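# Coordinate analysis (summary)
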Amino acid sequence: MTKRYKVWVSRPLFAEALARLDQHVTLVAEATERQHSPAQLRERLADVDAAIIGLSDRVDAATLAGNERLRVIANLAVGYNNLDIDALTRAGVLACNTPDVLNETTADYAWALLLAAARRVGAAERWLRSGQWTGTMRIDDWLGVDLHGRTLGILGMGRIGQAVARRAGGFDMRVLYHNRHRLPEVTERQCAARWVDQPTLLAESDHLVLALPYTPGNHHIIGAAELARMKRGSVLVNIARGGLVDEAALAAALAAGQLAAAGLDVYEDEPVVHPALLALDQVVLSPHLGSASADTRRNMAHLAVDNVLAGLGLGSAAGDPPTPINPQLLHARPAPGKA
Ligand code: 8YV
């Protein structure tokens, strides 16, 4: 079979996902994980019909300038703050993401951080491993914050936020949420969650989870003022994007005891973690691994492949990619390969 299209994969991917692409297209797959400079990205994308890229690959109008060839960009993530969707749409490039397949895994991880932060798992393990457990434990050693019976707040009640909420029943928690749009009543009932305005959410939550997409409009949605409005001794968990939180203000609130603990999977300037957060024992830190279960990461890779193939008009779903971000392009142009 003559392969009409060329596809670039910007980072190592599961062999079985690459093999599916390889059946249909000329594949250029990076074998090592690395940061591509804007110039490298621009050069690579100019030479292919489609690409699978990661969150560290930023695509904007400058990346696309003069690119006559690119048709499809598949982001290996549900969040797409690395993509300028307007610029892609103007350039006629279909953008796709990986929603849904990672909801439950990421929600599981929100609970891992909630529990680890509230019950001081990270600090206690570091203490034990460093050989400091040499005598009997005092009754007031390692006191944490309870989850059961407390109020869980969720800021951003999309599919991941809802999956976090559904798990709270097992902990007998009251669940409040804030979202720009209130959810239909039936969904609120399924999640056993009640809509409140943002100030109420901050004031009443014992544990607050951030699960909203990052946009320029919600940069530092949790800053010094919001942290001051939170309950004293509460816990903050961020599984969404680092830019939602003013990290310096968060470190100050933790150091002052305004917040008891925090669990962070995402950072303002990844892979750099604010030194003031690194210095605090009451912060549980992980390297943006919320969706990293073996099954989910495979499902994300296959979904990205599905999007590329269908976006290029190949395979069984030709012309009908499962998860486009700018689907208006599908109606505005003839499907490639079918023109
Ligand atoms: C990343 C995520 O995709 O999907 C998202 O938006 O933030 C994660 O699932 C993953 O960490 C790979 O970079």
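Structural notes, computed from the coordinates. Since the structure is predicted, the reported quantities are computational estimates derived from the model, not experimental observations.

How each quantity is defined
Residues numbered from 1 in each chain as written. Predicted model: local features only at pLDDT ≥ 70, side-chain atom pairs only at ≥ 80, totals over all residues. Heavy atoms only, no water. Phe/Tyr/Trp six-rings, centres within 6.5 Å; stacked < 30°, edge-to-face > 60°. Helix = DSSP H or I, 4+ residues; strand = E, 2+ residues; numbered from the N terminus. Buried < 20%, exposed > 50% of the residue type's maximum accessible area, 1.4 Å probe, protein only. Core = buried A, V, L, I, M, F, W, Y, C linked by side-chain atoms within 4.5 Å. Domains from an automatic or database assignment. Contact = heavy atoms within 4.5 Å.

## What to know about the packing of aromatic side chains
Counted by the stated rule, this structure contains two aromatic pairs. Residues Trp111 and Phe171 carry aromatic rings whose centres are separated by 4.7 Å and whose planes lie at 15 degrees to one another, so their mutual orientation is stacked. Taken together, the residues span a long stretch of sequence, with Trp111 in helix α5 (residues 103-118) and Phe171 in the loop between α7 (159-167) and β7 (174-178) at a distance of 60 residues. On the basis of relative accessibility, which here comes to 5%, the residue Trp111 falls in the buried class. For Phe171, a relative accessible area of 27% translates into the label partly exposed.

## Some points on the nonpolar core
Grouped together as the largest cluster of nonpolar side chains are 57 residues, with contacts concentrated most on Leu21, Ile52, Leu152, Val164 and Leu312. Tallying contributions element by element places α5 first for this core, with nine residues. When residues of this core are assigned to domains, at least three map to each of domain 1 (6-101 + 294-332) and domain 2 (103-285). Residue contacts for Val164: discarding those within four places in its chain leaves Ala107, Ala110, Trp111, Leu152, Ile154 and Val209. In terms of nonpolar packing, the next biggest core, distinct from the first, is built from 29 residues, Leu208, Leu210, Ala249 and Ala262 among them.

## So, the environment of Leu41
Looking at the secondary structure, you find Leu41 in helix α2 (residues 38-46). As a C-alpha pair, Leu41 and Ala255 span 214 residues in sequence and 40 Å in three-dimensional space. Sequence-distant contacts of Leu41, defined by excluding residues within four places in its chain, comprise Trp8, His36, Asp57, Arg58, Val59 and Thr63.

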